[in-house]
Amino acid sequence: MLRLNDPLLLKSQLFINGEWVDGDSEKTIAVLNPATGIEICKVASATKKETGYSIDCAQNALQTWGKTTAKHRAELLKHWYRLIVENIDDLALILNAEQGKPLAEAKGEILYGASYIEWFAEEAKRIYGDIIPSTQSTQRLLTIKQPIGVVAAVTPWNFPNAMITRKVAPALAAGCTIIVKPAEATPLSALALAELAQRAGIPKGVLSIVVGEDSKEIGKALTDSPQVRKLSFTGSTKVGKILIKQCADTVKKVSMELGGNAPFIIFEDADIDQAVKGAIASKFRNAGQTCVCANRFLVQSSIYQAFTDKFVAATKKLIVGNGADDKVTIGPLINGNAVQNVHAMVKEAEQNGAKIVLGGTPSNLGPNFYPPTILTDVTSDMHLFKEEIFGPVAPIIPFDTEEQALELANATEAGLASYLYTQNYSRIWRFSENLENGIVGINEGIISTEVAPFGGIKQSGNGREGSKYGIEDYIEIKYLCMGGI
Ligand code: ADP
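One structure accompanies this document, and this report is about it. Treat the numbers as computed from the prediction; the structure is a model and nothing was measured.

1. Some points on the packing of helix α4 (residues 103–123) against helix α5 (residues 162–174)
Consideration 1: Two numbers describe how α4 lies on α5: the axes approach to 8 Å, and their chain directions differ by 10°. Considering the angle they form, α4 stands roughly parallel to α5. Touching E109, Y112, G113, A114, Y116, I117 and F120 of α4 are A162, T165, R166, A169, P170 and A173, all from α5.
Consideration 2: Taken together, the residues of the contact of α4 with α5 break down into 9 nonpolar, 2 polar and 2 charged.

Encoded structure:
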């Protein structure tokens, strides 16, 4: 049992129209702790029926919520933010239990997630229109910005809290209503957030959470509905493409935050210790299960050995185990399938000539654990180079020239994050401008913050979350042309 200060934060029902309800089918989803395999609780499972009802309720709530003042919405969002921060210990326990990340990291996610609510509470009041100089002296032209309407959000298991606030906060700030379908592996953080939203006074129907074992069915109900005007998705590129297609028939606006394949490029003029620190943070956070995790370390040949030695030494200090233990810095992967996928990629690379210099054998801690692993002599034809690893595995690839580094860095369909380590300011500009990514970390391994735009290009998606740009995904611009003046 989870020892929560406030046991009411552990919810096992769906949250629709301000009420906690069971699914009609009476089916449930068992939520497991990935570190121990032990069931935390069972959660009700929705079908298209409950999803349809939540859409109707969101449409209904939109009529009033969409007309409230920004100041009012900002006050409710700030209240929600404060409640989340006050309950950080419980929320971190829930997050650690269902997702596995160490408690310190879980608390970091809660604050990070809450920061989007605080930010968009402030941004709500700054959704300005424009007055446009007219080409006719008898006309006056202006724009107003309005909520796009009912929004659907489908979110992943790697950030069960923050991926929800990153979508709900701008939606609510803009005056939209929203239905969230969290990942079936990690619904508890989403439900706890809904409980706090209700306590903060967010009106019924403005935020609903539908959890379901059949994500396809729920996804289809959300995308087929003409009432839903926008879909915001974070998850795999494969599912993102399916959802974009499904949204075509009703011409929904879509925001897609899909997979990455981040290059982490280190030039010979870099501060190697700084690069190692950034590499550890970027690669091993959340056991390598983030879309901005360094996926490919591209290291200039002259410092290849020096970097590898220091990186291996630093990685050896990480402690793998159950993240509920304070000493642990790397928790389990989400499930046994994830471990098998990661191990298969490591084996394929080894068979094709890569050298495992650390780790590489499944952990004896349990079926969901994989040790931090480093491989050298990786080449661009290996799966580790081409695919998103989503695990604690670092492939290192040598390069000689800046041109080679750029070619390797951009040799992927993904275009989310990248990292660049060099002290040469001309190269920083030149290389950053040529990288095909939405985000470039320069001598920095941790890049995400609510005040900056997060999002990718190429097949990593579209739209931006956070920052002054983030609200734009949730508003429509209406142009008013006033004549006869
Ligand atoms: P991951 O591989 O990280 O689990 P997915 O893209 O499979 O990423 O899952 C991300 C989210 O998308 C989860 O909430 C999952 O339930 C949901 N999902 C998966 N397949 C579909 C689908 N066909 N339609 C709608 N949602 C889906």
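There is more to say, and it comes next.
2. Section: the site of the ligand
Consideration 1: Surveying the vicinity of the ligand reveals 16 residues, the closest of which are T155, W157, K181, E184 and S236.
Consideration 2: A distance of 3.0 Å separates an oxygen atom of the ligand from a polar side-chain atom of W157.
Consideration 3: At a separation of 2.7 Å, an oxygen atom of the ligand approaches a polar side-chain atom of S236.
Consideration 4: Protein chains bury 80% of the 550 Å² of accessible surface belonging to the ligand in isolation.
Consideration 5: Elements with a minimum of two residues in the shell around the ligand: α7 (215–224), β10 (228–234) and α8 (237–248).
Consideration 6: Among the elements that take part in the shell around the ligand, α7 stands out by supplying 3 residues, more than any other.

3. Description of the side chain of N261
Consideration 1: Mapped onto the secondary structure, N261 falls in the loop between β11 (253–257) and β12 (262–266).
Consideration 2: There is a polar contact of 2.8 Å between the side chain of N261 and the side chain of N295.
Consideration 3: Ignoring anything within four residues of it in the chain, the contact list for N261 reads N295, R296, F385, K386, E387, T412 and A414.

4. Observations regarding the side chain of E195
Consideration 1: Within the fold, E195 resides in helix α6 (residues 188–199).
Consideration 2: In terms of polar contacts, E195 uses its side chain to reach the side chain of W20, at 3.5 Å.
Consideration 3: Contact partners of E195, with chain neighbours within four places excluded, come to L8, L9, K11 and W20.

5. Side note on unusual backbone geometry
Consideration 1: In this structure, N17 is a non-glycine residue whose phi angle is positive, near 55°.
Consideration 2: Here N17 is to be found in the loop between β1 (14–16) and β2 (19–21).
Consideration 3: Look at N17 and you get buried, because its relative accessible area is 14%.
Consideration 4: One non-glycine residue with positive phi stands out, namely F390, at about 55°.
Consideration 5: Among the secondary structure elements, F390 is positioned in the loop between α12 (383–386) and β16 (393–399).

6. What to know about the pairing of β16
Consideration 1: Counting buried positions along β16 yields 6 of 7 residues, so the element is predominantly enclosed.
Consideration 2: Both strand β13 (residues 294–300) and β16 contribute to a ladder of 4 bridges, which runs parallel. Residue pairing in the sheet places F297 in a bridge with I396 of β16.
Consideration 3: Across 3 bridges, strand β15 (residues 373–376) lies against β16 in parallel orientation. Among the inter-strand pairings, T373 is bridged to a residue of β16, identified as V393.

7. A few points about helix α11 (residues 336–351)
Consideration 1: Look at α11: 22 Å from first C-alpha to last across 16 residues, which is about the 22 Å you get at 1.5 Å a residue.
Consideration 2: Buried within α11 we find A338, V339, V342, H343, M345, V346, E348 and A349.
Consideration 3: Those residues of α11 hidden inside the fold are in contact with β14 (355–358), β15, α12 and β16.
Consideration 4: The backbone nitrogen of N337 lies 3.2 Å from a side-chain oxygen of the residue at the head of α11, namely N335.
Consideration 5: Directly after α11, the chain includes G353, whose backbone phi takes a positive value near 110°.

8. Quick word on the environment of G470
Consideration 1: With respect to the helices, strands and loops of the structure, G470 is situated in the loop between β21 (461–462) and β22 (475–482).
Consideration 2: Accessibility expressed as a relative area gives 1% for G470, which makes it buried.
Consideration 3: Along the sequence, G470 and P182 sit 288 residues apart, while their C-alpha atoms lie 20 Å from each other.
Consideration 4: What G470 contacts, discounting residues up to four positions off in sequence, is F120, P170 and R464.

Cut-off values and rules
All residue numbers here refer to positions counted from 1 along the written sequence of the relevant chain. Whole-chain, interface and lining totals are the exception, using all residues; otherwise, since this is a predicted model, local features are given only for residues with pLDDT of at least 70 and side-chain atom pairs are given and counted only at 80 or more. Processing note: side-chain calculations cover all non-hydrogen atoms of the structure and skip hydrogens and water entirely. Lines are fitted to the C-alpha atoms to define the axes, a helix being fitted only along its stretch in contact, and any angle between axes, read from their N-to-C directions, falls within 0 to 180 degrees. Put simply, DSSP marks the helices as runs of H or I at least four residues long and the strands as runs of E at least two long, and each gets a number from the N terminus on. For classification purposes, angles smaller than 35 degrees are called roughly parallel, those larger than 145 roughly antiparallel, those between 65 and 115 roughly perpendicular, and all remaining angles oblique. A contact between two residues is defined here by any heavy atoms of the two lying within 4.5 Å. Under this grouping Gly is polar, as are all residues other than the nonpolar Ala, Val, Leu, Ile, Met, Phe, Trp, Tyr, Cys and Pro and the charged Asp, Glu, Lys and Arg. Each residue is tested against the molecule or strand, and it is near if at least one of its non-hydrogen atoms lies within 4 Å. Residues adjacent in sequence count toward polar contacts only when both atoms are side-chain atoms; beyond that, a polar contact is any pair of N or O atoms within 3.5 Å, and within protein one must be able to donate a hydrogen and the other to accept it. Residue burial considers only the protein chains on display, and all accessible areas are found by Shrake-Rupley using a 1.4 Å probe. Burial here depends on accessible area, computed with a 1.4 Å probe over protein chains only, as a share of the maximum for the residue type. Under 20% is buried, over 50% is exposed, and the range in between is partly exposed. Any two strands with at least two DSSP-identified bridges between them are counted as paired. Expected span of a helix: the number of residues minus one, times 1.5 Å.

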